[in-house]
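# Examining the three-dimensional arrangement
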Amino acid sequence: MFNSFSGSDACKLLADGAQLVDVRSSSEFSQGSLPNAINLPLQSIMNAKNILDENKAIVLYCLTGMRSSTAKNYLVKMGFNNVNDLGSFKNYNCE
């Protein structure tokens, strides 16, 4: 499926206070992450309501886009409304 959500879209949302969420494992996250990212590994996604603000936009990312896509589906099913999938961290291009 084609992902029409771009890096510049992510930058706009993040500038407006969106939550940047890294769904990689905690060990991957500890080796480096994007600025101000929250680590919520895919295997812990069911804890999202305890960690994320449902009233703020969410921008998800991982290594390749597979886990972030799966995480988006879970979050939408959990009732989160403004969930955006950046895919790979390589798509991030904010200053």
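The structure displayed is predicted, hence computed values, not measured ones. Every chain's residues receive numbers from 1 upward, in the order its sequence appears when written. Local features are withheld for residues below a pLDDT of 70 in this predicted model, meaning they are given only at 70 or higher, and side-chain atom pairs are given and counted only at 80 or more; totals for whole chains, interfaces and linings count all residues. Only hydrogens and water are set aside when side-chain values are computed; all heavy atoms of the structure are taken into account.

### Looking at the UniProt feature "domain: Rhodanese" (unreviewed entry) in the chain
- UniProt positions are given in the numbering used here, feature names are shortened, and annotations may be inferred rather than shown by experiment. Using the residue numbers shown here, the UniProt feature "domain: Rhodanese" (unreviewed entry) corresponds to residues 14-86.
- Starting at the N terminus, helices and strands are each numbered in turn, a helix being any DSSP run of H or I of at least four residues and a strand any DSSP run of E of at least two. Along residues 14-86, the helical share is 33% and the strand share 21%, with 12 Å between the first and last C-alpha atoms.

### Notes on the pairing of strand 3 (residues 58-62)
- Three exposure classes are used, based on accessible area relative to the maximum for each residue type with a 1.4 Å probe and protein chains only: buried under 20%, partly exposed in between, and exposed over 50%. For strand 3, the tally of buried residues reaches five of five residues, placing the bulk of the element in the interior.
- Note that strand 3 and strand 4 (residues 83-88) share five bridges and pair parallel. Opposite Cys62, over in strand 4, you have Ser88 as the bridge partner.
- Remark: the strand 3/helix 4 (residues 66-78)/strand 4 crossover connection has right-handed handedness. Any two strands between which DSSP finds at least two bridges are classified as paired. Orienting the strands away from the viewer, one traces the path from the first strand over the helix to the second; a clockwise path indicates a right-handed crossover.

### Some thoughts on the nonpolar core
- Definition used in this section: a nonpolar core is a set of buried Ala, Val, Leu, Ile, Met, Phe, Trp, Tyr and Cys residues joined via side-chain atoms within 4.5 Å. Core analysis: the biggest nonpolar cluster contains 15 residues, and Val21, Ala48, Leu52, Ile58, Leu60, Leu75 and Phe80 have the highest contact counts within it.
- Listing elements by their share of this core, those giving two or more residues are strand 3 and helix 4.
- The contacts of Ala48, once residues within four sequence positions are left out, are Leu40, Leu75, Met78 and Phe80.
- The next biggest cluster of nonpolar side chains, apart from the first, holds 13 residues, and it includes Ala10, Cys11, Leu34 and Tyr61. The contact rule is simple, with two residues in contact once any of their heavy atoms fall within 4.5 Å.

### Points about helix 4
- Multiply 1.5 Å by the residue count of a helix minus one, and that product is the helix's expected span. Here helix 4 contains 13 residues, and its C-alpha end-to-end distance of 19 Å stays within 8% of the 18 Å for a straight helix at 1.5 Å per residue.
- Turning to helix 4, its buried residues number three or more, namely Ser68, Ala71, Leu75 and Met78. An end-on view of helix 4 places all buried positions within 80° of arc, on one side of the element. Helix 4 presents Met66 and Lys77 as exposed residues on the side facing more than 90 degrees away from its buried surface.
- Close packing links the buried residues of helix 4 with helix 3 (48-51), strand 3 and strand 4.
- Directly beyond the C-terminal end of helix 4, a positive phi value near 105° is found at Gly79. Note that the arc is computed from the directions linking the helix axis to the C-beta atoms.

### What to know about the sheet that holds strand 2 (residues 38-39)
- Here four strands make up an open sheet; going across it, the order is 2-1-3-4 and the pairing parallel. The open sheet has two free edges, formed respectively by strand 2 and strand 4, since each of these has just one partner strand.
- Pairing between strand 1 (residues 19-22) and strand 2: two bridges, direction parallel. Bridge pairing links Val21 to Ile38 in strand 2.

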